[in-house]
There are 2 protein chains.
Amino acid sequence: MHISEKAQRCELSPMRKFHPYAVEAVRQGRKIYHLNIGQPDIPTPAAFFDAVRGFADPVLAYAASPGEPALVEAVRDYYAKLNIPLDASDILITTGGSEALLMLMLSILDPGDEVIVPEPFYPNYNTFIRAAGGVIRPLHTAPEDGYRYADRARFEALINERTRALLITSPGNPTGVVLHPQEMAMLKDVATDHGLYLISDEVYREFIYDGERLHTMLEFADAAENTVIVDSISKRFSACGARVGALISRNRELMQQCLKFCQGRLSVATMDQVGAAALYGVESGYFAATRDEYRRRRDTVVRKLREIPGVICEEPKGAFYLMAALPVDDADAFQRWLLTDFSDRGETVMFAPGEGFYATPGKGRSEIRIAYILCQKDLERAIDLLALGIEAYNRRDGV
Amino acid sequence: MHISEKAQRCELSPMRKFHPYAVEAVRQGRKIYHLNIGQPDIPTPAAFFDAVRGFADPVLAYAASPGEPALVEAVRDYYAKLNIPLDASDILITTGGSEALLMLMLSILDPGDEVIVPEPFYPNYNTFIRAAGGVIRPLHTAPEDGYRYADRARFEALINERTRALLITSPGNPTGVVLHPQEMAMLKDVATDHGLYLISDEVYREFIYDGERLHTMLEFADAAENTVIVDSISKRFSACGARVGALISRNRELMQQCLKFCQGRLSVATMDQVGAAALYGVESGYFAATRDEYRRRRDTVVRKLREIPGVICEEPKGAFYLMAALPVDDADAFQRWLLTDFSDRGETVMFAPGEGFYATPGKGRSEIRIAYILCQKDLERAIDLLALGIEAYNRRDGV
């Protein structure tokens, strides 16, 4: 039976291959500290559940294809507070940031078209770009440089006649890199000078730890045709299971094309949109408290990682991830070994091996992504287990 | 800025172009009877809302990518009652039947690949197939034949080296046609003889009105590699706004490919899956009552349509739609006129003009789709308005 080339070029999640080993480790009675997933432990604000419980229509009907008007208004209000005026038609509510990315790639990429993405990057970008027949052209960055990528010459060296877009994530997953305002302006210039889309995945916008004000690529009024924002409530309000995101652009033609796909799939979940609209009303104290909690966690992880001999790790400025280079030859083999052969007082640890975050073959092999989504105490123990694991792994028999 | 060819080949919803006229008619104080949309008025069973209100986790977390285990089990139980044993891995929970169709087309179609679809068909099939770079090869049917399509020779005449799948909808939207068991077997034979996927959209399975038992293409064990079912709770439980569907197949390779797209978009809405699992527990009396209600509506619509001179309308056997040919030259122009120039005691009516349901240019121009989703009294009035409208339209000035 025929399978499409684009499906064959997609991959199963690189994180999942360790699942059987994790299941077996748990079966043997071991406890696993999970630093491998981006599912926050912060409670979802009660406003979501209250709104959903208050839903009183007898028929759970389709929502409007571009999004429930109340939610579209809530998103407009949110951006108005960032001094970004938007029309309702600049916003399409999507089933998570994921659907925004897929619709966007389907709308702008023909087979063989390229998107420049700094690596390491969020692995699912591969799926959305390949589903549309496109290809990622990676801009390589390294742990020694803190994974910073905003170098105009390096971007321009990758542009060719098949290039359609630059795709950046700021604050970054998996690196925690946050663009400075002048870096944002430079990337905007590259996009406008070369007639490219500038796709800015800003789902971690609130998660910045050095007191800066919140930024968005929508600030550049002279790049209205180029700029596309991928947004989501998943991390902003710790509501990952509510599959509510948004595609935002002032490019009218692009939004009309994306609207076709919105109409094709009819609507986003009605209940989730009711809950999401209510979430946009939570007071700003929620964000301050969440930010403080993640800042403490970041500081803990960085401090403890730096105590491990041979680990390379710059302080991440945002999101709740960091990449680190370990003094091991192969983080993939190391992770498997941690699950099959290692334990300290009956406990072990999981992270995401780095290779899946790179498009360049062979890159990231000694790196890992850590999601600091555990409470302080568990986080400390998890990094201690990592340190003990590295030591034991590097002096194991036969090495 | 670049727009992909596949996006350009998609279209905005053909139903939406009348929206401005409808808004204006309402503004002028006219009441519109809506026969144009497939949003049932049947209340969603309380089980959905009860389950959602009972959700007690503090964090609304991602669900499992293939679907929440409790919902997968509920779907398995449902099929077990139809004597169809399924493994959990035969089922992928999707964001509505829509996402099942999109993932499937992305998995099986390369650019230029063809899917044979009897026309008239659900217009969004266009979007999903074109998004994947594919093309619909229509098998034309006509109102005089009751839109029946199960003719082996006609299917085989359309098969070529680019054909990848047959896509049928039974019970049918927009026609209400229900395949007989021997027709199902014939289509299965065509698919297996020619190595094609047999995609069976069965989201209206429960809506059959002549006492037959429920059928599914999964009955054919010898076509396990070919058969793919598109399923949904939207119509089954009048829960359209809950965006919960399923892709079901025993073809392991295909399901692995589709799982890549499931993992890429992370998960389906958690709350909706909790509600959906509860819906599968509603007692069978719910279906019997719903079926009786729709049967009465169907009988009313058919009886009243046949009283209108020049209307051609076969009795639909399932779903809650019918197609009818009207004695007007252009149903599109007629619909616009009904909104701009017609009223009877301050009221008018909307349907879906037929052309958008056809792939063959020029076909369906005098046809309309009626969704019988109004209560008896409103349905009678709506068809009376249609009759009055036809009469007035055909004797208007200058015609």
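Residues numbered from 1 in each chain as written. Chains lettered and ligands numbered in written order. Predicted model: local features only at pLDDT ≥ 70, side-chain atom pairs only at ≥ 80, totals over all residues. Heavy atoms only, no water.

Describe the pairing of strand β4 (residues 135-140) of chain B, listing the residues and the values that go with them.
Working note: regular strand, side chains alternate between the two faces of the sheet. Residues and elements named next belong to chain B. Relative to β4, strand β3 (residues 114-119) runs parallel, the two being bridged by 6 bridges. Looking at the pairing, P118 lines up with L139 of β4. One crossover worth recording links β3 to the parallel β4 by way of helix α6 (residues 124-131), and it is right-handed. (Pairing = 2+ DSSP bridges. Helix = DSSP H or I, 4+ residues; strand = E, 2+ residues; numbered from the N terminus. Right-handed = clockwise from strand over helix to strand, strands pointing away.)

Account for the sheet that holds strand β12 (residues 367-371) of chain A, with residues named and values stated.
All names here are of chain A. A sheet is described by the order of its strands in space; here 3 strands give the open sequence β9-β12-β11, paired in antiparallel fashion. Sheet topology places β9 (321-325) and β11 (352-353) at the edges, where each strand pairs with a single neighbour. Across 5 bridges, β9 lies against β12 in antiparallel orientation. In the strand pairing of β12, M323 is matched with R369.

Explain the pattern of salt bridges to me, and be specific about the residues and the numbers.
Residue and element names in this part refer to chain B. A complete count under the given rule lists 71 salt bridges over all chains for this structure. Between R148 and E183 there is a salt bridge whose closest N-O contact spans 2.8 Å. One end of the pair, R148, is in the loop between β4 and α7 (152-158); the other, E183, is in helix α8 (residues 181-194), and 35 residues separate them in sequence. Using a relative accessible area of 29% as the deciding quantity, one classes R148 as partly exposed. (Salt bridge = Lys/Arg side-chain N within 4 Å of Asp/Glu carboxyl O. Buried < 20%, exposed > 50% of the residue type's maximum accessible area, 1.4 Å probe, protein only.)

Go over empty space enclosed by the protein, please, and point to the residues and values.
In this structure the tally under the stated criterion is 7 cavities of 30 Å³ or more. In this structure, the largest cavity occupies an estimated 330 Å³ of space. As for the largest cavity, its lining consists of 26 residues, and the residues nearest its centre are A:E99, A:L102, A:R265, B:E99 and B:L102. Mapped by element, the contributors of at least two residues to the lining of the largest cavity are α5 (96-108) and α6 (124-131) of chain A together with α5 (96-108), α6 and α9 (252-264) of chain B. In terms of residue class, the lining of the largest cavity is made up of 11 nonpolar, 9 polar and 6 charged. (1 Å grid on protein atoms, 1.4 Å probe; cavity = no way out; pocket = protein on both sides within 12 Å on 5 of 7 lines; lining within 4 Å. Points joined across faces, edges and corners; volume = space filled by probe spheres on them. Nonpolar A, V, L, I, M, F, W, Y, C, P; charged D, E, K, R; others polar.)

So what's going on with the relation of the copies chain A and chain B? Residues and values would help.
Superposition of chain A onto chain B requires a rotation of 180 degrees combined with a translation of 0.0 Å along the rotation axis, giving an RMSD of 0.0 Å. Here the two chains are linked by the operation of a two-fold rotation axis. Ranked by how close their C-alpha atoms come to the rotation axis, the residues of chain A are headed by A:R53, at 2.6 Å. When the interface residues of chain A are mapped onto chain B, 100% of them again lie at the interface, so the same face is used by both copies. (Least-squares fit on C-alpha atoms with pLDDT ≥ 70 in both. Contact = heavy atoms within 4.5 Å.)

With reference to specific residues and values, describe the layout of surface pockets.
One number sums up the size of the second largest pocket: a volume of about 1,200 Å³. Residue lining of the second largest pocket: 48 residues in total, with A:I37, B:Y62, B:A63, B:S65 and B:L266 positioned closest to the centre. If you list the elements that add at least two residues to the lining of the second largest pocket, you get α2 (19-27), α5, α6 and β7 (227-232) of chain A together with α4 (69-81) of chain B. Residue composition of the lining of the second largest pocket, by class: 24 nonpolar, 17 polar and 7 charged.

An account of the confidence of the model for chain A is requested, with residue identities and associated values reported.
With 99% of its residues at a pLDDT of at least 70, chain A reaches an overall mean of 95. Predicted as a complex, the structure gets a pTM of 0.96 and an ipTM equal to 0.96. (pLDDT = per-residue confidence, 0-100.)

Break down α6(B) for me, citing the residues and quoting the values.
Because each turn of an α-helix spans 3.6 residues, side chains separated by three or four positions in sequence point in the same direction. Residue and element names in this part refer to chain B. Along α6, 7 of the 8 residues are buried, which leaves the element largely enclosed by surrounding structure. Within α6, burial applies to N124, Y125, N126, T127, F128, I129 and A131. Positive backbone phi, at 90 degrees, marks G133, one or two positions downstream of α6.

Requested: an account of the interface of chain A and chain B, with residues and values cited.
Facing the 79 residues of chain A at the interface are 79 residues of chain B. In total, chain A and chain B occlude about 6,100 Å² of area from one another, counting both sides; carbon and sulfur atoms represent 60% of this. At the junction of chain A with chain B, the criterion picks out 0 salt bridges. Here chain A is connected to chain B by 43 residue pairs in polar contact (both at pLDDT 80 or more). (Buried area = accessible area lost by both parts, 1.4 Å probe. Polar contact = N/O pair within 3.5 Å; in protein donor to acceptor, adjacent residues only side chain to side chain.)

An account of the packing of α5(A) against helix α9 (residues 252-264) of chain A is requested, with residue identities and associated values reported.
Residue and element names in this part refer to chain A. Packing of α5 against α9 leaves a shortest axis separation of 9 Å and a crossing angle of 120 degrees. Between α5 and α9, the angle falls in the class oblique. Both α5 and α9 take part in a crossing whose hand is right-handed. Residues M103, L104, L106, S107 and I108 of α5 form the contact with α9, whose own contacting residues are L254, Q257, C258, F261 and C262. Along the lines of polarity and charge, the residues of the contact of α5 with α9 split into 8 nonpolar, 2 polar and no charged. (Axes fitted to C-alpha atoms, helices over the stretch in contact; angles between N-to-C directions. Parallel < 35°, antiparallel > 145°, perpendicular 65-115°, else oblique. Left-handed = near helix turned anticlockwise from the far one by under 90°.)

Break down the side chain of B:E99 for me, with residues and values.
Residues and elements named next belong to chain B. Looking at the secondary structure, you find E99 in helix α5. In terms of polar contacts, E99 uses its side chain to reach the backbone amide nitrogen of T95, at 2.8 Å. Among residues more than four places away in sequence, those in contact with E99 are T94, R265 and V268.

Let's hear about the pairing of strand β10 (residues 347-350) of chain B: which residues, and what values?
Residues and elements named next belong to chain B. Going residue by residue along β10, you find E347 and V349 tucked away on one face and T348 and M350 tucked away on the opposite face as well. Here strand β1 (residues 31-34) runs beside β10; their pairing, made up of 4 bridges, is parallel. Paired with I32 across the two strands is T348, which belongs to β10.

Tell me about the sheet that holds strand β5 (residues 163-169) of chain B, residues and numbers included.
All names here are of chain B. Taking strand neighbours across the sheet as the criterion, the 7 strands line up as β2-β8-β7-β6-β5-β3-β4 in an open arrangement whose pairing is mixed. A single partner strand is all that each edge strand has here, and the edge strands are β2 (91-94) and β4. Averaged over all pairs of adjacent strands, the angle between their axes in this sheet comes to 25 degrees, without regard to strand direction. One ladder, built from 5 bridges, connects β5 with strand β6 (residues 197-201); its direction is parallel. Note on β6: the bridge partner recorded for A165 is Y197. Contacts from α5 reach β2, β3, β5, β6, β7 (227-232) and β8 (245-248) within the one sheet, and its direction differs from that of β7 by about 155 degrees. Strand contacts of α6: β3, β4, β5 and β6, with the helix running at about 145 degrees to β4, the strand carrying the most contacts.

Account for unusual backbone geometry, naming residues and giving values.
A:P120 follows A:E119 through a cis peptide bond whose omega is 0 degrees. As for its placement among the helices and strands, A:P120 is situated in the loop between β3 (114-119) and α6. Cis geometry is adopted by the peptide bond preceding B:P174, which originates at B:N173 and carries an omega value of 15 degrees. Positionally, B:P174 belongs in the loop between β5 and α8.

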